[in-house]
Amino acid sequence: MGEERIVHCADSGKIHRLNATAGAIWDLCDGRRSARDVICRLVKRFDVRLAQARKDVTLVLTQFAAHGLISVHDARELS
């Protein structure tokens with residue numbers, strides 16, 4: 001679907017549509033990377049400022065967690 005990504009939550013049965021940025025973040029959520037790792041990779045991949053990448057990743061990971069798509073091991077990592 002172009003740059004849009006579709007994610008199905010097996011627990012809730014809901015479908016989530018992700019834009020290109022959220023899709024890139026989703027791809028990096030493998031359970032091994034920290035939020036800091038994801039931020040650094042986005043800075044390199046999209047050539048964005050660190051502050052913007054931190055803001056975007058924090059927002060997206062918070063939304064993923066709120067919808068039950070990921071588990072956040074340490075909420076302090078998102079601040």
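Everything that follows concerns the structure shown earlier in this document.
We now turn to the structure provided with this report.

1. Here we look at the overall build of the protein chain
Line of reasoning, step 1. A count of helices and strands for the protein chain gives 3 helices and 2 strands.
Line of reasoning, step 2. Walking the protein chain from its N terminus toward its C terminus, one meets helices and strands in the order β-β-α-α-α.
Line of reasoning, step 3. Residue burial in the protein chain is summarised as follows: out of 79 residues, 25% are buried.
Line of reasoning, step 4. Of the accessible surface of the protein chain, which amounts to about 5,600 Å², a share of 49% is contributed by carbon and sulfur atoms.

2. Notes on the pairing of strand E1 (residues 5–8)
Line of reasoning, step 1. In this structure, E1 lies alongside strand E2 (residues 15–18), joined through 4 bridges in antiparallel fashion. By the bridge assignment for E2, Val7 is matched with His16.

3. Overview of the environment of Leu69
Line of reasoning, step 1. Mapped onto the elements of the fold, Leu69 is located in the segment after helix H3 (50–66).
Line of reasoning, step 2. Overall, the relative accessible area of 15% leaves Leu69 in the buried class.
Line of reasoning, step 3. Placed 40 residues apart in sequence, Leu69 and Cys29 show a C-alpha to C-alpha distance of 10.0 Å.
Line of reasoning, step 4. When residues no more than four places from it in sequence are discounted, the contact partners of Leu69 are Val7, Cys9, His16, Trp26 and Phe64.

4. Here we look at the packing of aromatic side chains
To describe a pair of aromatic rings, you give the distance between the ring centres and the angle between the ring planes.
Line of reasoning, step 1. Under the defined criterion, the tally for this structure stands at 1 aromatic pair.
Line of reasoning, step 2. When the centroid spacing of 5.4 Å and the interplanar angle of 90° are considered together, the rings of Trp26 and Phe64 count as edge-to-face. Of this pair, Trp26 sits in helix H1 (residues 20–28) while Phe64 sits in helix H3, and the two are 38 residues apart along the sequence.

5. Some points on the pattern of salt bridges
Line of reasoning, step 1. Enumeration according to the criterion identifies 4 salt bridges in this entry.
Line of reasoning, step 2. Two residues, Asp27 and Arg5, come together in a salt bridge whose shortest N-O distance is 2.5 Å. In this pair, Asp27 is assigned in helix H1 and Arg5 in strand E1, connecting sequence segments 22 residues apart.
Line of reasoning, step 3. With relative accessibility at 42%, the residue Asp27 sits in the partly exposed group.
Line of reasoning, step 4. With a relative accessible area of 29%, Arg5 lands in the partly exposed category.

6. Re unusual backbone geometry
Line of reasoning, step 1. Phi at Asp47 takes a positive value of approximately 50°, unusual for a residue other than glycine.
Line of reasoning, step 2. Position of Asp47 among the secondary structure elements: in the loop between helix H2 (35–46) and H3.
Line of reasoning, step 3. Residue class for Asp47 comes out exposed when judged on its relative accessible area of 69%.

Cut-offs and rules
Residues numbered from 1 in each chain as written. Predicted model: local features only at pLDDT ≥ 70, side-chain atom pairs only at ≥ 80, totals over all residues. Heavy atoms only, no water. Helix = DSSP H or I, 4+ residues; strand = E, 2+ residues; numbered from the N terminus. Buried < 20%, exposed > 50% of the residue type's maximum accessible area, 1.4 Å probe, protein only. Areas by Shrake-Rupley, 256 points an atom, 1.4 Å probe, with all protein chains shown as cover. Pairing = 2+ DSSP bridges. Contact = heavy atoms within 4.5 Å. Phe/Tyr/Trp six-rings, centres within 6.5 Å; stacked < 30°, edge-to-face > 60°. Salt bridge = Lys/Arg side-chain N within 4 Å of Asp/Glu carboxyl O.

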